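As a plain string of letters, each chain reads:
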Amino acid sequence: MSMVPSIDVRTGETVAEVAAESTPELVGRAAEAAGAAAGPLDELGRSGRAGLLRALAAALADDGDAVVALADRETGLGDTRLTGELTRTCHQLRLFAEVLDEGSYLEATIDRAGQTPMGPRPDLRRMLVPVGPVAVFGAGNFPLAFGVPGGDTASALAAGCPVVAKAHPGHPATALRCHATMAEVIAGYGLPAGTIGLVHGRAAGADLVAQPAVAAVGFTGSLAGGRALHDIAASRPVPIPFHGELGSVNPVIVTPGAARSDAAGIASGFVASFTLGTGQFCTKPGILFVPASADGDRLRDAAAAEVAAGTPGTLLGAAIRDGFRERIDRWRTDPRVTVLAEAGSGRTGAGFSAAPVLLSVAAVDLAGDLLAECFGPAALVVGYQELDEVSAALRRLGGQLTATVRAAGDEPEVTGRLARELRGLAGRLLFDGFPTGVAVSWAQQHGGPYPATTGGLFTSVGASAIRRWLRPVTYQQAPEVVLPVELRDGNPTGIPRRVDGRLELGGDRPA
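Residues numbered from 1 in each chain as written. Predicted model: local features only at pLDDT ≥ 70, side-chain atom pairs only at ≥ 80, totals over all residues. Heavy atoms only, no water.

**Focus on the side chain of S391**
Next up, step 1: With respect to the element layout, S391 can be found in helix α12 (residues 387-397).
Next up, step 2: Excluding residues that lie within four positions of it along the chain, S391 makes contacts with R417 and E421. (Helix = DSSP H or I, 4+ residues; strand = E, 2+ residues; numbered from the N terminus. Contact = heavy atoms within 4.5 Å.)

**Digging into the packing of aromatic side chains**
Next up, step 1: According to the stated counting rule, one finds five aromatic pairs in the structure shown.
Next up, step 2: Pairing F142 with F281 gives two aromatic rings, centres 5.3 Å apart and planes at 80°, and the pair type is edge-to-face. Of this pair, F142 sits in the loop between β7 (134-137) and α5 (151-159) while F281 sits in the loop between α9 (256-275) and β13 (287-291); the two residues are 139 residues apart in sequence, bridging distant segments of the chain.
Next up, step 3: For F281, a relative accessible area of 9% corresponds to the buried category. (Phe/Tyr/Trp six-rings, centres within 6.5 Å; stacked < 30°, edge-to-face > 60°. Buried < 20%, exposed > 50% of the residue type's maximum accessible area, 1.4 Å probe, protein only.)

**Here's the deal with the sheet that holds β13**
Next up, step 1: Taken in spatial order, the seven strands make up an open sheet running β15-β17-β18-β13-β12-β19-β20, and their pairing is mixed. For this open sheet the edge positions go to β15 (338-342) and β20 (426-430), each flanked by a neighbour on one side alone. Adjacent strand axes in the sheet meet at a mean angle of 20°, parallel and antiparallel pairs treated alike.
Next up, step 2: Two strands pair when backbone bridges link them, and strand β12 (residues 252-254) and strand β19 (residues 400-406) are joined in this way by three bridges, in the parallel orientation. For V252, the partnering residue across the bridge sits in β19 and is T404.
Next up, step 3: Where helix α11 (residues 318-332) meets the sheet, its contacts fall on β15, β17 (357-362) and β18 (378-384), and the angle it forms with β17 comes to roughly 40°. (Pairing = 2+ DSSP bridges. Axes fitted to C-alpha atoms, helices over the stretch in contact; angles between N-to-C directions.)

**Some points on the packing of helix α3 (residues 64-75) against helix α4 (residues 79-102)**
Next up, step 1: Where α3 meets α4, the closest approach of the two axes is 9 Å, and the angle between their N-to-C directions is 125°. With respect to their mutual orientation, α3 and α4 come out oblique. For the pair α3 and α4, the crossing hand works out as right-handed. Mapping the contact onto sequence places G64, V68, A71, D72 and T75 in α3 and D79, L82, T83 and L86 in α4.
Next up, step 2: By residue class, the composition of the contact of α3 with α4 is four nonpolar, three polar and two charged. (Parallel < 35°, antiparallel > 145°, perpendicular 65-115°, else oblique. Left-handed = near helix turned anticlockwise from the far one by under 90°. Nonpolar A, V, L, I, M, F, W, Y, C, P; charged D, E, K, R; others polar.)

**Quick word on the layout of surface pockets**
Next up, step 1: What the second largest pocket holds in volume is close to 240 Å³.
Next up, step 2: Along the walls of the second largest pocket sit 16 residues, with D42, G45, R46, R49 and E486 positioned nearest its centre.
Next up, step 3: The set of elements that each furnish at least two residues to the lining of the second largest pocket consists of α2 (45-62) and β6 (124-130). (1 Å grid on protein atoms, 1.4 Å probe; cavity = no way out; pocket = protein on both sides within 12 Å on 5 of 7 lines; lining within 4 Å. Points joined across faces, edges and corners; volume = space filled by probe spheres on them.)

**Some words on α3**
Next up, step 1: In this model α3 runs 16 Å from its N-terminal to its C-terminal C-alpha over 12 residues, within 8% of the 16 Å that 1.5 Å per residue would give.
Next up, step 2: Buried residues of α3: G64, V67, V68, L70, A71, D72, E74 and T75, and no others.
Next up, step 3: Of the surrounding elements, those touching the buried residues of α3 are β1 (3-8), α2, α4 and α6 (172-188).
Next up, step 4: Trailing α3 by a residue or two, G76 shows a phi angle of about 70°, which is positive. (Expected span 1.5 Å × (residues − 1).)

**What about the pattern of salt bridges?**
Next up, step 1: Throughout the structure, instances matching the rule amount to 27 salt bridges.
Next up, step 2: Among the salt bridges present, the one from R54 reaches D101, with a minimum N-O distance of 2.8 Å. With R54 in helix α2 and D101 in helix α4, this pair connects stretches of sequence that are 47 residues apart.
Next up, step 3: For the salt bridge of R330 with E326, the shortest nitrogen-to-oxygen distance reads 2.1 Å. Of this pair, R330 and E326 both sit in helix α11, four residues apart, roughly one helical turn.
Next up, step 4: The network of salt bridges with common partners includes E326, R327, R330 and D369. (Salt bridge = Lys/Arg side-chain N within 4 Å of Asp/Glu carboxyl O.)

**What to know about the sheet that holds β7**
Next up, step 1: The strand order across the open sheet formed by five strands is β9-β8-β7-β10-β11, and the pairing between neighbours is parallel. What marks the edges here is a single partner per strand, and that holds for β9 (196-199) and β11 (242-245). Between one strand axis and the next, the sheet turns by 15° as a mean value, whatever way the strands run.
Next up, step 2: Two strands pair when backbone bridges link them, and β7 and strand β10 (residues 216-220) are joined in this way by four bridges, in the parallel orientation. Bridging from a neighbouring strand, V136 pairs with G218 of β10.
Next up, step 3: Helix α7 (residues 202-210) contacts β7, β8 (163-166), β9 and β10 of the sheet and is inclined by roughly 150° relative to β8.

Interpretation note: all reported values are geometric properties and have no functional meaning in isolation.
Spelled out as structure tokens, the structure:
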């Protein structure tokens, strides 16, 4: 039986073997336990699950020092970044408690029996219900916010769906610690242990997606890994939804007016954004479109100077380091590409280091391998003669999580054109700043057309993430005793509902 190592990324050394890779039998038992826990978790009700989520947030915060120390050792992301990420993780849990309290996520709808232009209508009452156990795959670059206690888990538990988490091999000790803390809280609520399970190992991930008890999958990771799991989910005897975030280059488009008015500021902000976290954010801007002009040249040169003054950072593991080096080596030999600046070789020292690198290519040559995400601190400056070249390049890009326009105030027609084109490309459109900050809120969208995400209809960040784990059910002519309390006459829970076509906001009564 293979053991799972916990590695200190700053040295590359194995610190401990923290778990055994999960066998198919163990994965099957975890999925079955999750299936058995689905009823009790749903029956806990909205108010009970809201309390559970708040208790989970409190327990993780109380264990914060130990969690952050483990995560820092395994990822090298630093105490400051990881402390902030833990705060975000706890905030996500509390946000979904608020979602449960408010209740509109259920889409409760009542059409009373009556006459219609089509004839008599029966009493119809519709709401969303949990789909069942969810498989959650932790992300390497966010060991907490997209890990075992992250947004996928929080939103699934809020929906009433038990979770079986697949620990990321880059931070298995962190996953174990978080799971143990959460399991203790869940036991205190009298819920079955299968409410949150944990498995380890690459093969265990494929086994998990294939389990009959698993009803949906949440994944954040590589395009190749995500597609492999997506295909398993789709080829099952009973196919299931696969909500995967698979990759994005997050283009930033600088208009001529913006380059003229703020070349230095845009250059500095772009470099800070694409090197943040050693370029290991899914929202890292990997492509910067700049006009082929004197103003564009000033912006490009300022960005190159910022990169040259930078320092190497630590990547999340050997595979990411090797993939980054291979991609940069391939781009160096591409005749379309020019290396503008690099902050040292990044090839010496212990651990998994990489140096920021900035390259350039003409918009008409942006094709093939240059369109793919490069995970790590690298970016392409793409020069364009006319806006039509940008439009053509965007059509070659494919779906994105984000797209950013940096325009001057006196360019409304250009801004409007780009907004129309980018709406079909990305899930989040920015018109100021840079995309690496993702607020956890009600209005957030963190998803986009493929390959950014599978489908692009949902988000993995923010309140709407709960919608992935729900399905609609309509009750026709049902006696009140079988109706969920949210659909009963008089609105005893006080949630927003649509009754006979009219939206009723409800009151402040608890569930």
